[in-house]
Every structure is written in C-alpha cells, then in structure tokens.
Amino acid sequence: MTAPAATASSATRPARAPARHRGRFGVHLFLSAVSLAFLAPLLLAVYASLRPYEETARYGYFSLPRHLSFDYYRQAFADSGMSRYFLNSLLIAVPGVLLTLFLASFVAFAVARLRIRGGLVLLMVFTAGNLLPQQVIVTPLYVLFNKVPLPYWMSDSLTMYDSYWAVIAVQTAFQLGFCVFVLANFMRTLPREILEAAIVDGAGVWAQYWRVTLPLCRPALAALGTLQFTWMYNDFLWGLVFLSDGDKLPVTSALNNLRGQFFTDYNLLAAGSVLVALPTILVFLLLQRHFIAGLTLGASKG
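What this report covers is the structure whose coordinates are included nearby. (Residues numbered from 1 in each chain as written. Predicted model: local features only at pLDDT ≥ 70, side-chain atom pairs only at ≥ 80, totals over all residues. Heavy atoms only, no water.)

1. Observations regarding the layout of surface pockets
- Its volume calculated, the largest pocket comes out at about 420 Å³.
- For the largest pocket, the lining is made up of 13 residues, of which L42, T230, A277, T280 and I281 are closest to its centre.
- When residues of the lining of the largest pocket are traced back to their parent elements, those giving at least two are α10 (218-234) and α12 (266-286).
- A total of seven residues in the lining of the largest pocket trace back to one element, the largest contributor, which is α12. (1 Å grid on protein atoms, 1.4 Å probe; cavity = no way out; pocket = protein on both sides within 12 Å on 5 of 7 lines; lining within 4 Å. Points joined across faces, edges and corners; volume = space filled by probe spheres on them. Helix = DSSP H or I, 4+ residues; strand = E, 2+ residues; numbered from the N terminus.)

Set out below in structure tokens:
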C-alpha cells in the first residue's frame, strides 16, 4: 500500500528541482542587474579617468579606448593638494565615528538592557531626531558656534566656529539617533541569561556594558562603523558651513580645486572622484566580514 505513494513522491522530486534552480537563477540575475546598475557610475568614472579628454571629446565616453594611462590620477592628487584634505577628513570622521558609537551604545544599553523607566520614550526621541532636516538648523548652529568659546589649543578662532570640533559635534548629534535605534534593537536580541549570569557573578553596570554586552555587539558596531564613516567622510555641507579656513576643509571640497574658471576637464575630475572614494572602499573591504555579519544577523530566525 505504501509503495505507490513512495513512487509518486519520488516522481515529483525531479520536477521540483528544476523549478527551484530556475528560481535561484532568476534571483541571481536580478541581483546582478541591480549591482551593475549601482556600479555603472563608478565604472564609468574609472573608465573616463584613464582616457585623455581629447579622446572622449572626439569619440564619446562610451567609445573604445585608444590610449589608457594613470596620468590623471597623478595630476589630480598633485593639483588639488589632496593629501592635506585627506587628513582633514580623517580628523573629522574617525573621532566622529568613535564618539557616535560610544554614546549610542551607552543609550542603547540603558534602554534595552537596564529597562529604565521611560526607555521607550527616550528611544522614540532619539529616533525622531533623524526626521529633522539638517538645513533647518544651519543658521542657529552658525550663530551658536560663533558664541561658544574654546581654548587656543583647541581652536585658532577661540570659538567652535572654524574648528573641527563644530563639524564633529554636528555629525555626532545627527547620527546618534540612528545608531541608538539600531543598537537598542540589536541588544534586545541578545540572550537575557548572559546578563543575569554576569549579575550573579557580581558584575556591576559598567562590567555588564563593557565586558558582556559590547563584545556581543561587535557585528552591529562594525556595520554601523562602516556606514557612519562613509556618511561622515563623504559629507560636504557641514564642513563648508562651519570651516572658513580653506586648509581645514574636508577632502570632498578638494574636487573644487580641479575645476577651471572657463573649462573643466571632466576626466581629471573623475580621477579625483575615484581617489576621494578610495578610503571608504578600503574601510569596507577591511570590515566586510563584520559588516555582512551585522546586516544578516537574525535573518534566519523565525
């Protein structure tokens, strides 16, 4: 009585396998097309940066190359003074990322693990801060930073204006809400028994935060650190508003030095853009394993 049923079930297996393979092929094809669409501007910029402007002006940007070289990269790096601007961006992005993650992990730990009174309201306030358009508070912040004094060893202008501290403070304030939201939800997924065992062993609040919770949040911190570094490094608005000294501007402003008054070599500008993007690509490659782990964690849970 069971033999025909077993035969029928085995007969349907080969029919399901091709359908499953076709579905996977369609998914991979769709993801490849989307990836190519996102990479197309970068690939076109790299291709244009390797060709002379006269060649692209004559044959077009989508024509086959006649001559390829890295001359534009050397020229872009030298003419724009990019090395100084790279350092400026690092002086803003690195402290900004570390300060944002440190403060956000504090708040997220208090909301998600300590279960303080009004924690949900506090989380909503931090999340709502992301909804505020940044351009709305440009003028109030400009006036405020001109009135906040700083010692001479922190600012040449003796105020927060025209100092890296102003840009770092604004970047940290605007990115804090997003990081608190992500870390708080991540910490809620951590087993409660681990924290309870640490409390039984006599761990205080600081030990629960620093020695128990933060090591478990490494994937989330790596993913957030990669995103935050990319956003702060690529920012152009706040550096332009709060830094009046041209030698302190971030690297994104160095591209303006490659524009001529009457003529702009867009192949040279493409080479400069690729150079500016290299640090973010390097950071992603270094943290790729942790970044992907942070994004996919919990994806297999029901």
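On we go.
2. Description of the nonpolar core
- Ranked by internal contacts, the top residues of the largest apolar core, which has 60 residues, are F145, V170, Y233, W238, F242 and V251.
- Contributing elements (two or more residues each) for this core: α3 (71-79), α4 (82-112), α6 (138-147), α7 (164-188), α9 (205-216), α10, α11 (237-242) and α12.
- With 13 residues, α4 is the largest single contributor of residues to this core. (Core = buried A, V, L, I, M, F, W, Y, C linked by side-chain atoms within 4.5 Å. Buried < 20%, exposed > 50% of the residue type's maximum accessible area, 1.4 Å probe, protein only.)

3. Things to note about empty space enclosed by the protein
- Considering all chains together, one arrives at one cavity of 30 Å³ or more under this definition.
- Taken as a whole, the largest cavity holds about 50 Å³ of empty space.
- In terms of lining residues, the largest cavity is bounded by S89, I92, V167, Q171, M232, Y233, D235, G239 and P250.
- Looking at side-chain class alone, the lining of the largest cavity contains five nonpolar, three polar and one charged residues. (Nonpolar A, V, L, I, M, F, W, Y, C, P; charged D, E, K, R; others polar.)

4. Remarks on the side chain of D162
- Structurally, D162 is set in the loop between α6 and α7.
- Take D162: its relative accessible area is 10%, and that puts it in the buried class.
- Looking at D162, its side chain comes within polar contact range of the main-chain nitrogen of D245, at 3.1 Å.
- Setting aside anything within four residues of it in sequence, one finds D162 in contact with S155, S157, F242, L243, S244, D245 and K248. (Polar contact = N/O pair within 3.5 Å; in protein donor to acceptor, adjacent residues only side chain to side chain. Contact = heavy atoms within 4.5 Å.)

5. Here's the deal with the pattern of salt bridges
- For the structure on display, the rule yields five salt bridges.
- Taking the shortest distance from any N to any O, the salt bridge between D71 and R74 comes out at 2.2 Å. With a gap of three residues between them, D71 and R74 both fall in helix α3, about one helical turn apart.
- Where D247 meets R84, a salt bridge forms, and the shortest distance between an N and an O atom there is 3.7 Å. Remark: R84 occurs in helix α4 and D247 occurs in the loop between α11 and α12; sequence separation between them is 163 residues.
- Among the charged side chains, a salt-bridge network with shared partners connects D156, D162 and K248. (Salt bridge = Lys/Arg side-chain N within 4 Å of Asp/Glu carboxyl O.)

6. With respect to the environment of Q288
- Along the chain, the position of Q288 falls in helix α13 (residues 288-296).
- When the C-alpha atoms of Q288 and T226 are compared, they prove to be 8.8 Å apart, with 62 residues separating the residues in sequence.

7. Remarks on the packing of α4 against α10
- Relative orientation of the contacting elements α4 and α10 amounts to 140°, with a least axis distance of 9 Å. As α4 runs across α10, the sense of the crossing is right-handed. Residue-level inspection shows F86, S89, L90, A93, V94, G96, V97, T100 and L101 of α4 in contact with α10, the latter providing L221, L224, G225, Q228, F229, M232 and Y233.
- Classifying every residue of the contact of α4 with α10 gives eleven nonpolar, five polar and no charged. (Axes fitted to C-alpha atoms, helices over the stretch in contact; angles between N-to-C directions. Left-handed = near helix turned anticlockwise from the far one by under 90°.)

So far we have only geometry, and geometry alone does not tell us how the molecule works.
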